[in-house]
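# Inside the fold
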Amino acid sequence: MNDPVSLPAALDRFGYKLSPDQIGQLEQYCQLLWSANRQVNLTRHVDYKTFVARDVADVLQLSACIERDEDVLDIGSGGGVPGIVLSILRPDLRMSLCESVAKKARWLDRFVQQLELPVAVFNERADRVLDDLCFDCCIARAVGPLWKLCSWLAPHWPAAGRLLAIKGPTWTTEVSDANERGSLKIIDLTKIVEYPMHDTDA
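Residues numbered from 1 in each chain as written. Predicted model: local features only at pLDDT ≥ 70, side-chain atom pairs only at ≥ 80, totals over all residues. Heavy atoms only, no water.

### Let's talk about the packing of aromatic side chains
- Under the counting rule described, the total for this entry stands at four aromatic pairs.
- Between the aromatic rings of Trp34 and Tyr48, the centroid separation amounts to 5.0 Å while the plane-to-plane angle is 55 degrees, which identifies the pairing as tilted. Residue Trp34 is found in helix α2 (residues 20-36), and its partner Tyr48 is found in helix α3 (residues 48-63); the two are separated by 14 residues along the sequence.
- On the basis of relative accessible area, Trp34 is assigned to the buried category, the value being 4%.
- Take Tyr48: its relative accessible area is 8%, and that puts it in the buried class.
- A cation sits over an aromatic face here: Arg110 above Trp107, 4.3 Å from the ring centre. (Phe/Tyr/Trp six-rings, centres within 6.5 Å; stacked < 30°, edge-to-face > 60°. Helix = DSSP H or I, 4+ residues; strand = E, 2+ residues; numbered from the N terminus. Buried < 20%, exposed > 50% of the residue type's maximum accessible area, 1.4 Å probe, protein only. Lys NZ or Arg CZ within 6 Å of the ring centre and 35° of its normal.)

### Focus on unusual backbone geometry
- The step from Val81 to Pro82 runs through a cis peptide bond, and the omega angle for that step is 10 degrees.
- Inspection of the secondary structure assignment puts Pro82 in the loop between β1 (71-75) and α4 (83-89).
- The phi angle at Glu116 is positive, at roughly 55 degrees, despite the residue not being glycine.
- Summarising the element assignment, Glu116 is placed in the loop between α5 (102-115) and β3 (120-122).
- The class for Glu116 is exposed, based on a relative accessible area of 71%.
- With phi around 60 degrees, Asp199 is a residue other than glycine that occupies positive phi space.
- You can see Asp199 is positioned in the segment after α9 (171-180).

### Some details on the pairing of strand β4 (residues 137-141)
- Judged by how many residues are buried, β4 sits mostly within the fold: five of five residues are covered.
- Side-chain alternation along β4 places Cys137, Ile139 and Arg141 on one buried face and Cys138 and Ala140 on a second face that is also buried.
- For β1 and β4, the ladder comprises four bridges, and the chain directions are parallel. For Asp74, the partnering residue across the bridge sits in β4 and is Ile139.
- By the bridge criterion, five bridges tie β4 to strand β5 (residues 162-166) in an arrangement that is parallel. Residue Ile139 lies in a different strand from β5, and its bridge partner there is Leu164. (Pairing = 2+ DSSP bridges.)

### Points about the pattern of salt bridges
- For the coordinates displayed, the defined rule picks out twelve salt bridges.
- A salt bridge links Asp92 to Arg90; the shortest N-O distance between them is 2.8 Å.
- A residue is classified by how much of its surface remains accessible, and Arg90, at 11% relative accessible area, is buried.
- Here Asp127 and Arg125 are joined by a salt bridge, their closest N and O atoms 2.6 Å apart. (Salt bridge = Lys/Arg side-chain N within 4 Å of Asp/Glu carboxyl O.)

Take it as geometry only, folks, not as evidence of what the structure does.
Below, the structure is given as structure tokens:
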């Protein structure tokens, strides 16, 4: 992968300050992810500028909403965002990744092993993981509409703790749809933070 913009340069462009160890791990993660992406669709973008503008930006906002030393479950981890990136930026967290697609879960396990991260990978649906384990919070990004997330978690809120969902510009439509379907009846829904996506109007 020949990216004309390095990861340190991309971080500097958007004003993000990370430690040399974090930058090194993120570089290694990107190279692993982009190499695997040739065999299985794990990400839509394969350059450091977009990685920082989209993934790192989202994860830093998410990180600010999570307390120290929490048990966190990433629902629908896909290629490892936000879960793997969050585990690199927040080593105090006890992170677990949940991915129901077997080939994606296998790649996640390889990433975790090669990065030497203390992260559990479950090749299961989130509701099945929550049948057996409890977390302080669950996180989700680009997994599904709000009504579907809430439906999955409805029988498992005591084990799930709280849900931190990263949503795009159509989030208000998702809230209306979830309300109409009755998915928010027992939920205290709060918009914690709103922020612009870099280099877009969103």
